[in-house]
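Coordinate analysis (summary)
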Amino acid sequence: MKRLLCILALLTLGGCVETRFESPLGGKLESCDARWKGVWTPAPPEAQDAGFFVDADCRFFVIDQPARDKPVRRVEVPLRYTQVGGQDYLVVADTALKDLVEIHAPPGIEPAPAQSYFFIRYRIDGDRIDLTQVNSERVAQLVETGKLDGTVSRANKELHVYVRGDAARMLKIVSDEPIFDGSVPTHLARSALSADAFERKLARPRGH
């Protein structure tokens, strides 16, 4: 599950590595990409302990079981979609993740912003979606060399990067800088199960 939630919550097994942006990605964001409708789970099948569900109204949900003694949950996460240079992106406000994980304010930013944003690049090919996170180390180097305006916090194997700028600046950064290069994509596969059936599958004891 952590690999899947890493895409939305930007959490990693070795600590916390994240890049947040001050503004959304450009001025035109869509509320739906109909190609996402259905249930999507990580590949390979043995990793399917959580999934995404996009319903007929294009509402996006995470389905998971936070612990074996906890019930399966279906949590709605408001997402926005956009295209830049012919590529597709998700734009996720950090406040949209509050029901999934604890998200702290970006370190060293005073006053703390009301919200900031994560960008995720995706590619849909039939029944497969590839999701790619921002390469935070690459962005950190761009900030540290003065090419991007922002802050970098490194401590206890954690890396927090905050990039400043308005929506037009975010668009230029994604267009001009290879900030996703070097990140290993996460692969999702379309499930034949309905959302209800997938929830029942997660609720069954392991090995059944």
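See the structure printed just above.
In what follows, the accompanying structure is described. Bear in mind the structure is a predicted one, so any value in this text is a computation, not a measurement. (Residues numbered from 1 in each chain as written. Predicted model: local features only at pLDDT ≥ 70, side-chain atom pairs only at ≥ 80, totals over all residues. Heavy atoms only, no water.)

**Details of the packing of aromatic side chains**
- The full count for this structure, using the stated rule, is 8 aromatic pairs.
- On the numbers, 6.4 Å between centres and 80° between planes, the contact of Y81 with Y122 is edge-to-face. A residue pair is termed long-range when its members are at least 10 positions apart, and Y81 in strand 6 (residues 80-84) and Y122 in strand 8 (residues 117-125) qualify at 41 residues. By the burial criterion, Y81 is buried, and Y122 matches it.
- One aromatic cluster in this structure is built from W36, W40, F52, F60, Y81 and Y122. (Phe/Tyr/Trp six-rings, centres within 6.5 Å; stacked < 30°, edge-to-face > 60°. Helix = DSSP H or I, 4+ residues; strand = E, 2+ residues; numbered from the N terminus. Buried < 20%, exposed > 50% of the residue type's maximum accessible area, 1.4 Å probe, protein only.)

**A few points about the pattern of salt bridges**
- For the structure on display, the rule yields 16 salt bridges.
- With its nearest N and O atoms 2.7 Å apart, the salt bridge here joins K172 to D176. In this pair, K172 and D176 both sit in helix 3 (residues 167-176), 4 residues apart, roughly one turn of the helix.
- For K172, a relative accessible area of 46% gives the class partly exposed.
- Judged by relative accessible area, which is 44%, D176 ranks as partly exposed. (Salt bridge = Lys/Arg side-chain N within 4 Å of Asp/Glu carboxyl O.)

**Quick word on the pairing of strand 3 (residues 50-54)**
- With 5 of its 5 residues buried, strand 3 lies for the most part within the structure.
- What you see with strand 3 is no split at all: A50, F52 and V54 on one side and G51 and F53 on the other are buried throughout.
- With 3 bridges joining them, strand 2 (residues 38-42) and strand 3 adopt antiparallel strand pairing. Bridge pairing links W40 to F52 in strand 3.
- In this sheet, strand 4 (residues 60-64) lies alongside strand 3 in antiparallel orientation, the contact comprising 5 bridges. Following the sheet pairing, F53 is matched in strand 4 by F61.
- Counting the residues that bridge the hairpin from strand 3 to strand 4 gives 5 residues, and of these C58 lies at a positive phi of roughly 70°. (Pairing = 2+ DSSP bridges.)

**Regarding empty space enclosed by the protein**
- Summed over all chains, the structure comprises 2 cavities of 30 Å³ or more.
- Taken as a whole, the largest cavity spans an internal volume of roughly 40 Å³.
- Lining the largest cavity, in full, are E18, R20, P106, P107, T151, H160, V161 and Y162.
- Elements that contribute at least two residues to the lining of the largest cavity include exactly strand 1 (17-21) and strand 11 (158-163).
- Considering each element in turn, the lining of the largest cavity owes the most residues, 3 residues, to strand 11.
- For the lining of the largest cavity, the per-class residue count stands at 4 nonpolar, 2 polar and 2 charged. (1 Å grid on protein atoms, 1.4 Å probe; cavity = no way out; pocket = protein on both sides within 12 Å on 5 of 7 lines; lining within 4 Å. Points joined across faces, edges and corners; volume = space filled by probe spheres on them. Nonpolar A, V, L, I, M, F, W, Y, C, P; charged D, E, K, R; others polar.)

Everything listed here is a matter of coordinates, which is why it stays silent on function.
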